[in-house]
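Structure assessment
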Number of protein chains: 2
Amino acid sequence: MAKRRPVSNLLGLAVLGLLTEQPMHPYEMGATLRERKLDGSFKVRTGSLYDVVEALQRVGWIAADTTEREGRRPERTVYSLTELGQLEFAQWLDELVRTPVKEYPSFLAAVSYLGALGQERAVQALQERVSVLDTEIRGIQATLAEAERQHVPRLFIIEADYAAAMATAERDWCLRIVREMGEGTLTWPDRPEPTRSALASAGGSS
Amino acid sequence: MAKRRPVSNLLGLAVLGLLTEQPMHPYEMGATLRERKLDGSFKVRTGSLYDVVEALQRVGWIAADTTEREGRRPERTVYSLTELGQLEFAQWLDELVRTPVKEYPSFLAAVSYLGALGQERAVQALQERVSVLDTEIRGIQATLAEAERQHVPRLFIIEADYAAAMATAERDWCLRIVREMGEGTLTWPDRPEPTRSALASAGGSS
DNA sequence: CCACGCATAGTCGGTTCCGACTAATCAGTC
DNA sequence: GACTGATTAGTCGGAACCGACTATGCGTGG
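Residues numbered from 1 in each chain as written. Chains lettered and ligands numbered in written order. Predicted model: local features only at pLDDT ≥ 70, side-chain atom pairs only at ≥ 80, totals over all residues. Heavy atoms only, no water.

1. Here's the deal with the protein's contact with DNA strand D
Applied cut-off: For this purpose, a residue is taken to be near a molecule or strand whenever a single non-hydrogen atom of the residue falls within 4 Å of it. What qualifies as a polar contact is a pair of N or O atoms within 3.5 Å, subject to a donor-acceptor requirement within protein and to the restriction that residues adjacent in sequence count only when both atoms come from side chains. Where helices and strands are cited, they refer to DSSP runs of H or I of at least four residues and of E of at least two residues respectively, numbered from the N terminus. When residues are grouped by polarity, Ala, Val, Leu, Ile, Met, Phe, Trp, Tyr, Cys and Pro land in nonpolar, Asp, Glu, Lys and Arg in charged, and all others, Gly among them, in polar.
In the vicinity of DNA strand D lie 18 residues, with A:N9, A:K43, A:R45, B:E75 and B:R76 positioned nearest. For DNA strand D, the backbone portion of the atoms within 4 Å of the protein, that is sugar and phosphate, comes to 72%. Here a phosphate oxygen of DNA strand D and a side-chain polar atom of B:Y27 are 3.2 Å apart. Mapped onto the surface near DNA strand D, the elements with two or more residues apiece are α3 (46–58) of chain A together with α2 (26–35), α3 (46–58) and β2 (76–81) of chain B. Among the elements that line the surface near DNA strand D, the one with the most residues is α3(A), at 4 residues. Its residues assigned to classes, the surface near DNA strand D shows 3 nonpolar, 7 polar and 8 charged.

2. Comments concerning the environment of B:T20
All names here are of chain B. For clarity, the threshold we go by: Here the term buried applies to any residue with accessible area under 20% of the maximum for its type, exposed to any over 50%, and partly exposed to those in between, with areas from a 1.4 Å probe on protein chains only.
Relative to the helices and strands, T20 resides in the loop between α1 (11–19) and α2. By relative accessible area, T20 is classed as buried at 11%. Separated by 66 residues in the primary sequence, T20 and Q86 place their C-alpha atoms 7.3 Å from one another. Looking at T20, its side chain comes within polar contact range of the main-chain oxygen of G17, at 2.5 Å.

3. Describing the pattern of salt bridges
Selection rule: Salt bridges are defined as contacts in which a side-chain nitrogen from Lys or Arg sits within 4 Å of a carboxyl oxygen from Asp or Glu.
Taken as a whole and judged by the stated rule, the model has 28 salt bridges over all chains. Put simply, A:R154 and B:E180 hold a salt bridge, and the shortest N to O gap is 2.4 Å. Remark: B:E180 occurs in helix α7 (residues 158–183) and A:R154 occurs in the loop between α6 (119–149) and α7 (158–183); the pair is interchain, linking two chains. Taking relative accessible area as the criterion, B:E180 reaches 9% and is therefore assigned buried. It is possible to trace a salt-bridge network through shared partners that takes in A:D94, A:R98, B:R121 and B:E128.

4. Some words on the interface of chain B and chain A
Put simply, the test is: The contact criterion used throughout is that any non-hydrogen atoms of two residues lie within 4.5 Å. For any pair of parts, buried area is found by adding up, for both, the accessible area (1.4 Å probe) each one loses once the two are put together.
Contact with chain B, which involves 77 residues of that partner, is made by 79 residues of chain A. Between chain B and chain A, the buried area comes to about 7,000 Å², and carbon and sulfur atoms account for 65% of it. Taken as a group, B:V97, B:Y113 and B:Y162 account for 11% of the area that chain B buries against chain A, more than any other trio of residues on that side. Two residues, A:E128 and B:R98, come together in a salt bridge whose shortest N-O distance is 3.2 Å. One can count 22 residue pairs in polar contact (both at pLDDT 80 or more) joining chain B with chain A. Counting only elements with at least two residues in the side of chain B that touches chain A, the list comes to α1, α4 (83–98), α5 (106–112), α6 (119–149) and α7 of chain B. At 12 residues, α7(B) tops the list of elements feeding residues into the side of chain B that touches chain A.

5. What about the packing of aromatic side chains?
What counts is decided by this rule: Two rings from Phe, Tyr or Trp (for Trp, the six-membered ring) form a pair when their centres sit within 6.5 Å of each other. Planes less than 30 degrees apart are called stacked, planes more than 60 degrees apart edge-to-face, and all others tilted.
Counting across every chain of the model gives 12 aromatic pairs over all chains. Measuring from centroid to centroid gives 5.8 Å for A:Y113 and B:F89, while their planes differ by 80°, and the two rings are edge-to-face. Remark: B:F89 occurs in helix α4 and A:Y113 occurs in the loop between α5 (106–112) and α6; the pair is interchain, linking two chains. B:F89 shares its class with A:Y113; the two are buried. Note on A:Y162 and B:F107: the rings are 5.1 Å apart at their centroids and 90° apart in plane angle, and the pair reads as edge-to-face.

6. Quick word on the confidence of the model for chain A
Filter applied, for reference: Confidence of the predictor at the level of single residues is given by pLDDT, which spans 0 to 100.
Averaged over every residue, the pLDDT of chain A is 90; residues scoring 70 or more account for 87%. Below a pLDDT of 50 lies the segment residues 193–206 of chain A, which in the model reaches 9 contacts outside its immediate sequence neighbourhood of four places, other chains included.

7. Some words on the relation of the copies chain B and chain A
Applicable threshold: A least-squares superposition brings the copies together, and it is based on the C-alpha atoms of residues with pLDDT no lower than 70 in both.
For the match of chain B to chain A, the screw axis carries a shift of 0.0 Å, the RMSD comes to 0.0 Å, and the turn is 180°. What the superposition gives is, in effect, a two-fold axis relating one chain to the other. Rotation axis and chain B: the residue whose C-alpha lies nearest the axis is B:A169, separated from it by 3.1 Å. Of all interface residues in chain B, 100% are interface residues in chain A too; the two copies therefore contact each other through one and the same surface.

Here's what the structure looks like:
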């Protein structure tokens with residue numbers, strides 16, 4: 001068994017990615033990620049950033065270059081990618097693409113207990129979700145269109161493409177469920193008030 | 001602005017859900033979740049379970065019932081849902097369904113740097129992902145079919161339906177990207193060696 | 001010309017999370 | 001009837017994570 005990845009925080013991947021271009025200090029990494037809208041793909045938190053950078057340095061994937069300072073501002077430590085880091089970056093990416101990871105999105109959790117909401121409430125909530133998703137999707141597609149207009153290579157914004165595809169799939173699923181509930185092909189096992197469970201009131205021994 | 005949810009761990013939702021049926025002790029919750037395959041929707045970790053139960057008790061959504069003990073085994077504290085807990089459970093569910101949460105799946109992160117893999121490697125990795133996803137999807141569909149054979153109400157396994165839908169969407173997206181790369185509609189901005197960045201070599205001052 | 005706000009750069013401490021561990025009982029089995 | 005492995009039930013310490021905070025420099029409008 002391969003021992004688990006020494007740096008698991010995905011923000012580390014972003015750091016490595018940035019450093020393939022140029023050496024940088026952590027603050028700049030955060031700013032750059034935000035500029036490029038990559039903060040939609042990576043959870044960029046100042047605290048985590050410094051933690052992750054330290055971790056990457058500890059395992060030797062990046063190295064502290066210079067420690068400069070302008071005026072009396074706090075020091076800026078500039079890091080750059082090591083050769084090992086370059087390999088590991090590609091390796092990590094490759095693995096992330098190849099191998100789906102079990103994840104636990106909150107909507108999956110909610111759906112698992114959808115029954116407890118009762119049919120009417122469930123339908124309403126799903127419809128609201130659909131409308132929020134629609135807005136999101138339109139937003140992403142606007143970005144995509146704008147990028148195309150400016151001849152930005154599609155590969156540079158492929159993550160938006162993916163995000164749109166997944167959001168659309170989710171919206172469609174919600175719509176289907178709402179429809180099925182309307183048509184009666186997805187029926188509600190009776191439990192009008194969520195508390196009154198047949199199982200519970202049967203009063204099992206033990 | 002509503003103050004953030006006092007218990008954020010989604011495992012708490014599962015705990016509340018179980019307690020709508022009957023009082024239980026934490027270990028039993030974990031076992032039950034596993035039996036019902038809900039460990040696919042909730043990250044069930046022993047440690048987290050006890051933490052979350054304590055948190056739920058602290059905010060008064062559940063209450064310790066009895067503390068029994070068999071023989072000299074460790075005590076089992078049985079918890080049950082309070083009235084407040086019942087309301088909050090529905091409220092929480094409703095909100096989770098209504099309002100999509102920004103999440104950071106690892107594949108999204110990977111896709112954001114897909115360019116760095118180089119075209120050939122990217123295609124291969126994507127194809128492998130497709131095949132893994134296909135296996136997963138077939139597995140879920142088998143479960144679904146089996147459940148139908150046994151006349152389990154569809155609502156009880158709706159989360160599997162959702163999971164299948166999303167996995168399928170992801171597979172289709174991967175296939176599309178692979179195809180587009182083959183057809184040349186998704187081209188690789190040249191960057192055979194990931195280091196050489198046009199932006200960088202333009203050489204901004206300062 | 002200085003007060004105020006925004007940008008720069010990073011530290012720090014508390015909470016959350018989780019895996020590894022303890023420890024007793026039970027069900028076989030040789 | 002003692003040993004083995006699985007099941008029951010939970011504890012605990014360390015790692016990861018993140019938000020709130022510090023502190024300086026820069027710009028600008030009244």
